[in-house]
Amino acid sequence: MSIDANARRWLSDLSFGRVRYDEQMSRHTSFCVGGPAEAFVEPKTSDELSALVAGLAERKIPYQVVGGGTNLIVTDAGISGVVICLKPCMSEILIENTSDFQARVTVMAGTSLRLLCSHVIRRGLKGMNFALGIPGTVGGAIRMNAGTALGWISDVLESITVLYPSGLQETIGGNALCFSYRKLLLPRLTCGESLLQQTIIVSGSFSLVRTSSKDMKQEAREILRNRKRRQPAMSPSAGCIFKNPVVGKTAGELIDLCGLKGLKIGGAEVSEKHANFIVNTGSAVAADILSLMDSVRKTVFERFNVNLEQEVIVIGN
Ligand SMILES: Cc1cc2nc3c(=O)[nH]c(=O)nc-3n(C[C@H](O)[C@H](O)[C@H](O)COP(=O)(O)OP(=O)(O)OC[C@H]3O[C@@H](n4cnc5c(N)ncnc54)[C@H](O)[C@@H]3O)c2cc1C
């Protein structure tokens with residue numbers, strides 16, 4: 001336990017009583033697994049978020065930010081400290097015309113990526129269609145450099161505003177950000193992964209191009225149809241479990257060639273539809289998914305000498 005009675009009083013006052021203790025994280029992850037968060041807070045505004053983060057840092061209470069929980073496995077033992085969830089709040093989209101052909105779209109981190117995509121399509125702004133069908137929030141998508149074969153979020157990102165543990169905010173231009181496959185490194189923070197975990201993305205600005213909304217709608221329908229055909233959308237999952245190796249076959253192809261589709265541990269199963277998805281068949285706990293991941297990784301290594309790197313983020317005790 002890292003939150004004593006004094007800290008509980010402070011948290012309740014600050015968050016106007018909206019803090020929840022021992023909140024099951026299975027309610028906040030798309031995998032529907034994960035034990036309790038010691039405390040769970042959903043700040044309503046960016047000022048409330050700043051005060052929360054500065055107070056937690058001052059009291060040396062660990063915290064962890066989550067968005068839609070769509071790329072997360074939270075362990076069954078749960079999370080010590082405070083989970084800050086931006087998903088249901090901090091959702092706002094602002095569009096400014098920067099020329100006759102271009103617009104800057106500034107989006108609060110808690111906004112769902114789905115909402116952003118449909119919003120810009122309706123306004124004839126092109127550039128986000130690659131993200132159609134990716135669940136989660138804009139903050140999570142920036143942190144994960146979310147993308148598909150059609151593009152990555154870093155392709156259209158102009159700048160981000162971050163909140164440091166000190167409570168200070170800073171806007172960083174896209175050129176100063178270092179993105180790689182499913183990863184963002186902030187310029188000052190290349191020294192430590194733990195500091196990156198403590199830095200919260202508050203908003204992102206995207207540079208999009210004006211075009212015909214009708215053409216985009218047609219393209220959007222095709223992209224979504226394609227995803228539905230290839231992915232097990234109806235079962236709880238966290239999308240692709242492993243990153244694709246830099247060269248050669250994709251992670252899904254390697255897993256499929258090992259004959260692992262349908263392999264089950266407890267309630268976790270390698271999807272029959274897409275071998276790089278693990279699905280929760282209904283009764284999975286985080287330990288089932290983690291064991292299945294180990295088993296898949298081991299089999300692929302033994303057969304192909306390829307070490308699969310996990311794409312999904314694992315947090316918790
Ligand atoms: C069915 C399905 C399909 C998917 N398809 C794709 C796909 O095609 N391409 C793809 O890239 N991903 C895909 N994903 C994975 C996932 O949706 C993306 O990675 C998504 O961008 C994660 O966003 P989130 O808000 O859910 O982040 P979370 O899962 O909540 O968090 C992910 C990481 O980001 C951090 N984080 C979240 N918000 C912030 C913030 N505001 N500031 C700082 N750090 C933050 C968290 O601490 C964590 O480390 C899929 C997932 C599912 C379930």
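This is a predicted model, so every value here is computed, not measured.

A. Looking closely at the sheet that holds strand 3 (residues 63-66). Spatial strand order, 1-2-5-3: four strands in an open sheet with mixed pairing. Unpaired on one side and paired on the other, strand 1 (20-24) and strand 3 mark the two borders of the sheet. Neighbour to neighbour, the strand axes of the sheet diverge by 40 degrees on average, direction disregarded. Strand direction decides the pairing type here: strand 1 and strand 2 (residues 36-41), joined by four bridges, are antiparallel. Looking across to strand 2, one finds that Tyr21 is bridged to Ala39.

B. Structural view of the pattern of salt bridges. In this structure the tally under the stated criterion is 10 salt bridges. A salt bridge links Arg20 to Glu42; the shortest N-O distance between them is 3.1 Å. Of this pair, Arg20 sits in strand 1 while Glu42 is found in the loop between strand 2 and helix 2 (46-58), placing the two residues 22 residues apart along the sequence. Since its relative accessible area comes to 28%, Arg20 is described here as partly exposed. For Glu42, a relative accessible area of 17% puts it in the buried group. Asp294 is the salt-bridge partner of Arg297, the closest N and O atoms lying 3.1 Å from each other. Placement of both Arg297 and Asp294 in helix 8 (residues 286-304) is noted, with a separation of three residues, approximately one turn of the helix. We classify Asp294 as partly exposed; its relative accessible area is 46%. Among the charged side chains, a salt-bridge network with shared partners connects Arg20, Glu23, Arg27 and Glu42.

C. Up close: the packing of aromatic side chains. The tally for this structure, following the rule as stated, stands at one aromatic pair. With a centroid separation of 6.0 Å and 20 degrees between ring planes, the pair formed by Trp152 and Tyr181 is classed as stacked. With Trp152 in strand 10 (residues 151-152) and Tyr181 in the loop between strand 13 (178-180) and strand 14 (183-185), this residue pair connects regions lying 29 residues apart in the sequence. For Trp152, a relative accessible area of 29% puts it in the partly exposed group. Exposure remark for Tyr181: the relative accessible area of 23% places this residue in the partly exposed category. Directly above the aromatic system of Tyr21 lies the positively charged group of Arg8, at a separation of 3.9 Å from the ring centroid. The ring of Trp10 carries Arg59 above its face, with NZ or CZ at 4.0 Å from the centroid.

Rules behind the numbers
- Residues numbered from 1 in each chain as written.
- Predicted model: local features only at pLDDT ≥ 70, side-chain atom pairs only at ≥ 80, totals over all residues.
- Heavy atoms only, no water.
- Pairing = 2+ DSSP bridges.
- Helix = DSSP H or I, 4+ residues; strand = E, 2+ residues; numbered from the N terminus.
- Axes fitted to C-alpha atoms, helices over the stretch in contact; angles between N-to-C directions.
- Salt bridge = Lys/Arg side-chain N within 4 Å of Asp/Glu carboxyl O.
- Buried < 20%, exposed > 50% of the residue type's maximum accessible area, 1.4 Å probe, protein only.
- Phe/Tyr/Trp six-rings, centres within 6.5 Å; stacked < 30°, edge-to-face > 60°.
- Lys NZ or Arg CZ within 6 Å of the ring centre and 35° of its normal.

Take it as geometry only, folks, not as evidence of what the structure does.
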